[in-house]
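Summary of structural features
Chain by chain, the residues:
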Amino acid sequence: MVMYPKRPNSAPARWIWSVRVKLESGFGLAMLETWEKVLVWSTVLLLTFLFWFSVITYTPGHLAYLARRFSYYVFDDENVDLGLLFREMVKGWLRVGWEGVTGVVGGKGRAEL
């Protein structure tokens, strides 16, 4: 009696089958019954969902907190607009990067871009 699913013929199904067999054999799930596998996988999926939910929910607020702390320690003021500061910095980088860039315009010689 074959205890594992047979290898499918199509490439995507074969890849899914390969991942399933590797996971089941790597984590010892191959010896479990079906209801035990369902219990293990549902627990793993629930914990994964809760992890990503917390990351998506709390990361923006934590980044705002870190930005306030950064501005307090660097500029001695929590109310510095870091967005404006970084936009001006990037504009300066782009301005420096485009200085001296020349190109041919209409085949009539070189012109500043």
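The structure displayed is predicted, hence computed values, not measured ones. (Residues numbered from 1 in each chain as written. Predicted model: local features only at pLDDT ≥ 70, side-chain atom pairs only at ≥ 80, totals over all residues. Heavy atoms only, no water.)

A look at the overall build of the chain
If you tally the helices and strands in the chain, you get three helices and two strands. Counting from the amino terminus, helix and strand elements in the chain follow one another as α-α-α-β-β. For the chain, buried positions account for 7% of its 113 residues. At a minimum sequence separation of 6, the contacts of the chain that also span at least 24 residues come to 0%. (Helix = DSSP H or I, 4+ residues; strand = E, 2+ residues; numbered from the N terminus. Buried < 20%, exposed > 50% of the residue type's maximum accessible area, 1.4 Å probe, protein only. Contact = heavy atoms within 4.5 Å.)

Thoughts on the pattern of salt bridges
Applying the stated criterion across every chain yields a total of four salt bridges. When the shortest N-O distance is used, the salt bridge between E24 and R20 registers 3.2 Å. With E24 and R20 both in helix 1 (residues 11-26) and four residues apart, this pair spans about one turn of that helix. For E24, a relative accessible area of 11% translates into the label buried. R69 is the salt-bridge partner of E78, the closest N and O atoms lying 2.9 Å from each other. By relative accessible area, which is 34% here, E78 ends up partly exposed. Of the residues examined, R69 reaches a relative accessible area of 22% and is grouped as partly exposed. Several salt bridges share partner residues, and in doing so they unite R20, E24 and K37 into one network. (Salt bridge = Lys/Arg side-chain N within 4 Å of Asp/Glu carboxyl O.)

A closer look at helix 1
Under the 1.5 Å per step criterion, the end-to-end length of helix 1 is 22 Å for 16 residues, consistent within 8% with the ideal 22 Å. Two residues or fewer past helix 1, G28 is found with a positive phi of approximately 75°. (Expected span 1.5 Å × (residues − 1).)

Section: a nonpolar patch on the surface
A cluster of nonpolar side chains, F70, Y72, Y73, V74, F75, L85, F86, M89, V90, W93 and L94, forms an exposed patch at the surface whose accessible area comes to about 1,100 Å². Elements with a contribution of two residues or more to the nonpolar patch: helix 2 (34-75) and helix 3 (82-98). Ranked by residue count, the leading element in the nonpolar patch is helix 3, at six residues. Inspection of the secondary structure assignment puts M89 in helix 3. The class for M89 is partly exposed, based on a relative accessible area of 36%. (Patch = residues over 30% accessible without salt bridge, like charges linked within 9 Å, V, L, I, M, F, W, Y side chains within 5 Å. Areas by Shrake-Rupley, 256 points an atom, 1.4 Å probe, with all protein chains shown as cover.)

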